[in-house]
Amino acid sequence: MNEISIIINGVRYDAVSILPNPTYPICSQCHFNEVCEIRYRTLSEFCNEFLEPEYVFIKSDKKFEK
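Figured I'd write up the structure that's included with this text. Predicted model only: the values in this text are computed from it and were never measured.

Rules used in this analysis
- Residues numbered from 1 in each chain as written.
- Predicted model: local features only at pLDDT ≥ 70, side-chain atom pairs only at ≥ 80, totals over all residues.
- Heavy atoms only, no water.
- Pairing = 2+ DSSP bridges.
- Helix = DSSP H or I, 4+ residues; strand = E, 2+ residues; numbered from the N terminus.

### Considerations on the pairing of strand β2 (residues 11-17)
Every other side chain in a regular strand lies on the same face of the sheet, so the side chains alternate between the two faces. Across four bridges, the pairing between strand β1 (residues 5-8) and β2 is antiparallel. Looking at β2, one finds that I8 is bridged to V11. Counting the residues between successive antiparallel strands, the hairpin from β1 to β2 contains two residues, one of them, N9, with a positive phi of roughly 50 degrees. When β2 meets strand β3 (residues 55-59), the two strands line up antiparallel, connected through five bridges. Within β3, the residue paired with S17 across the bridge is Y55.

See below:
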């Protein structure tokens, strides 16, 4: 899979592969989960369209220059 990153207000979020955990759904491990559940169902649709099932967005520790 190609690398996918989203930059929001100068903060970078990378799509990373995680191991499935039967205790926690995949989306619960995503850093956008709270926003997705409360306000934007479209972000979860975006994830379903562009990411493989075991990928989630995690806040990056890489520096991003504005």
